[in-house]
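Understanding the architecture of this molecule
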Amino acid sequence: MGDRIKRIGVLTSGGDAPGMNAAVRAVVRTAVGQGIECIGIRRGWSGLISSDFVQLDGNSVSRIINKGGTMLYTARSEEFMDHTGREKAIGTCKLLGLDGIVAIGGDGTFRGALAISRQAAKDGMDLRVVGIPATIDNDIGCSHYTIGFDSACNTAIECIDKLRDTMQSHERCSVVEVMGRHAGHVALNVGVACGATAVLVPEQEVDYEKDVVEPIRRSRLSGQTHFMVIVAEGVEGGAYGVAKRITDETALDTRVTILGHVQRGGTPTSRDRIAATYMGYEAVHLLSEGQSCRVVAKQGNEYTSFDIHEALAMTKGLDPQTYTVMRTLTGVQ
Ligand code: F6P
């Protein structure tokens with residue numbers, strides 16, 4: 001393959017996130033602007049195995065910037081984990097004449113991108129890959145921000161504000177579980193934005209007396225009659241475990257709400273649309289500059305990229321400042 005790329009594939013893989021469509025749009029429009037053809041691979045890596053594709057042009061991505069979900073569908077592919085599945089995927093890349101792939105998703109998506117680029121290299125094929133971080137969990141080590149996080153937090157906040165109304169009427173304690181897999185970014189941000197009584201995250205071992213019961217007691221002593229406890233799904237025992245401990249130790253009437261997949265849907269916020277647009281633009285530029293095995297990242301206000309191996313090895317803790325603010329405002333010393 002010469003330096004100039006002619007045709008690329010774009011796919012979304014893993015859990016969907018609001019803003020994925022905006023990223024697909026930016027990839028397609030940037031590629032078309034550079035005279036590069038764009039093929040949408042449907043259903044993530046599974047679609048590459050089964051040759052499930054659609055040709056995209058500038059018009060095919062009209063009016064999707066404001067849509068949740070992903071027009072390309074998504075999947076978590078078991079078959080892609082083994083050599084035979086990846087061989088089939090390489091077959092599709094050869095058949096379609098792909099010079100590069102933009103893979104939009106989380107860590108699992110980037111592992112898939114690395115695996116296919118290795119396999120392509122073994123087969124003597126020059127297939128460039130670039131990843132774009134999109135997951136509501138915001139748990140990609142190399143990037144301060146992942147597409148979908150802001151929209152998911154806003155959806156959770158809207159639901160929690162509604163819950164607060166009924167909790168207040170009944171003078172109850174609401175225990176709300178938010179998504180995040182093994183990370184507490186959603187819980188922490190949502191907790192701060194909702195003025196939660198307590199916030200529990202998997203990154204910190206829970207001391208029930210100090211982190212939950214005392215904040216509730218202090219809140220009650222200051223005149224509150226309803227309470228809001230936010231629990232990240234990765235916390236041991238989950239929301240039901242936390243609610244039981246609260247009832248046992250405070251005799252409060254608790255209600256559990258698991259927000260679940262509602263957090264993954266809905267209109268992407270401006271923050272997600274803009275991040276997705278910059279990242280899509282950046283990904284195509286990386287490919288056309290001849291780069292491969294990169295993950296686009298946001299560092300502060302800058303968009304940059306990391307080597308995919310480095311990116312996969314990086315971890316990201318909770319933002320220390322937000323954590324300190326949350327602890328101070330919930331009165332935990
Ligand atoms: O990674 C995004 C996420 O929504 C996590 O927060 C959650 O643990 C998981 O995906 C749920 O996955 P699924 O949609 O396969 O149930």
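Summarised in this report is the structure supplied together with it. Everything quoted here is computed from the prediction, not taken from an experiment. (Residues numbered from 1 in each chain as written. Predicted model: local features only at pLDDT ≥ 70, side-chain atom pairs only at ≥ 80, totals over all residues. Heavy atoms only, no water.)

Moving on: the site of the ligand. Near the ligand, the surroundings consist of Arg76, Thr135, Ile136, Asp137, Met179, Gly180, Arg181, Glu233, His261 and Arg264. One nitrogen or oxygen atom from the main chain of Gly180 is found 3.1 Å from an oxygen atom belonging to the ligand. Take Arg264: an N or O atom from its side chain is 2.7 Å from an oxygen atom of the ligand. Coverage of the ligand by the protein chains reaches 75% of its 400 Å² of free accessible surface. Judged by the proximity of its atoms to the pocket grid, the ligand belongs to the largest pocket. (Near = heavy atom within 4 Å. Polar contact = N/O pair within 3.5 Å; in protein donor to acceptor, adjacent residues only side chain to side chain. Areas by Shrake-Rupley, 256 points an atom, 1.4 Å probe, with all protein chains shown as cover. 1 Å grid on protein atoms, 1.4 Å probe; cavity = no way out; pocket = protein on both sides within 12 Å on 5 of 7 lines; lining within 4 Å. Sits in = over half its atoms within 2 Å of the grid points.)

Moving on, we come to unusual backbone geometry. One non-glycine residue, Arg43, lies in positive phi territory at about 65°. As for its position among the elements, Arg43 is in the loop between strand 2 (37–41) and helix 2 (44–49). Owing to a relative accessible area of 35%, Arg43 belongs among the partly exposed residues under this scheme. Unusually for a residue other than glycine, Glu171 sits at a positive phi of about 55°. Overall, Glu171 belongs to the partly exposed group, its relative accessible area being 46%. (Helix = DSSP H or I, 4+ residues; strand = E, 2+ residues; numbered from the N terminus. Buried < 20%, exposed > 50% of the residue type's maximum accessible area, 1.4 Å probe, protein only.)

Our next topic: the pairing of strand 6 (residues 173–178). Within strand 6, six of the six residues are buried, leaving the element largely enclosed by the surrounding structure. Burial along strand 6 is two-sided: the residues Cys173, Val175 and Glu177 and Ser174, Val176 and Val178 are all buried. Judged from the six bridges that link them, strand 6 and strand 8 (residues 227–232) form a sheet pairing that is parallel. Note on strand 8: the bridge partner recorded for Glu177 is Val231. As paired strands, strand 6 and strand 9 (residues 254–258) are joined by five bridges and run parallel to one another. For Val176, the partnering residue across the bridge sits in strand 9 and is Thr257. (Pairing = 2+ DSSP bridges.)

A sheet is described by the order of its strands in space; here seven strands give the open sequence 3-2-1-4-5-10-11, paired in mixed fashion. Every other strand in the sheet has two partners, leaving strand 3 (53–56) and strand 11 (302–307) as the edge strands with one partner each. Between one strand axis and the next, the sheet turns by 25° as a mean value, whatever way the strands run. Pairing between strand 5 (residues 128–133) and strand 10 (residues 294–299): two bridges, direction parallel. Bridging from a neighbouring strand, Val130 pairs with Arg294 of strand 10. (Axes fitted to C-alpha atoms, helices over the stretch in contact; angles between N-to-C directions.)

Across soluble globular proteins, nonpolar side chains show a tendency to be buried alongside one another. One finds Ile8, Val102, Ile104, Ile132, Val175, Val229 and Ile246 to be the most contacted residues of the largest nonpolar core, which totals 76 residues. In terms of residues, this core owes the most to one element, helix 5 (residues 149–170), which gives eight residues. Once residues within four sequence positions are removed from consideration, Val175 is found in contact with Val229, Val231, Ala239, Val242, Ala243, Ile246, Arg255, Val256 and Thr257. (Core = buried A, V, L, I, M, F, W, Y, C linked by side-chain atoms within 4.5 Å. Contact = heavy atoms within 4.5 Å.)

Moving on: the pattern of salt bridges. Within the structure shown, the criterion is met by 15 salt bridges. Arg172 is the salt-bridge partner of Asp253, the closest N and O atoms lying 3.0 Å from each other. Pair noted here: Asp253 is in the loop between helix 8 (238–250) and strand 9 and Arg172 is in the loop between helix 5 and strand 6, with a separation of 81 residues, a long-range link. Given the relative accessible area of 15%, Arg172 is considered buried. Among the salt bridges present, the one from Asp211 reaches Arg327, with a minimum N-O distance of 3.3 Å. Here Arg327 lies in helix 11 (residues 320–329) and Asp211 lies in helix 7 (residues 208–221), a separation of 116 residues in the sequence. Across the pair, exposure class does not vary: Asp211 and Arg327 are buried alike. (Salt bridge = Lys/Arg side-chain N within 4 Å of Asp/Glu carboxyl O.)

Let us now look at the side chain of Arg264. The topology assignment puts Arg264 in the loop between strand 9 and helix 9 (270–288). We classify Arg264 as buried; its relative accessible area is 18%. If we skip the residues at most four places from it in the chain, Arg264 touches Gly15, Asp16, Pro18, Arg76, Ile136 and Met179.

What follows is about the packing of helix 5 against helix 6 (residues 185–194). Remark: helix 5 packs on helix 6, axes separated minimally by 9 Å, with the N-to-C direction vectors making an angle of 45°. By the criterion of interaxial angle, the relationship of helix 5 to helix 6 is oblique. The two elements helix 5 and helix 6 cross, and the hand of that crossing is right-handed. Taking contact as the criterion, the partners of Phe149, Cys153, Ala156, Ile157, Ile160, Asp161 and Arg164 in helix 5 are, on helix 6, His185, Val186, Asn189, Val190, Ala193 and Cys194. Residues of the contact of helix 5 with helix 6, tallied by class, amount to nine nonpolar, two polar and two charged. (Parallel < 35°, antiparallel > 145°, perpendicular 65-115°, else oblique. Left-handed = near helix turned anticlockwise from the far one by under 90°. Nonpolar A, V, L, I, M, F, W, Y, C, P; charged D, E, K, R; others polar.)

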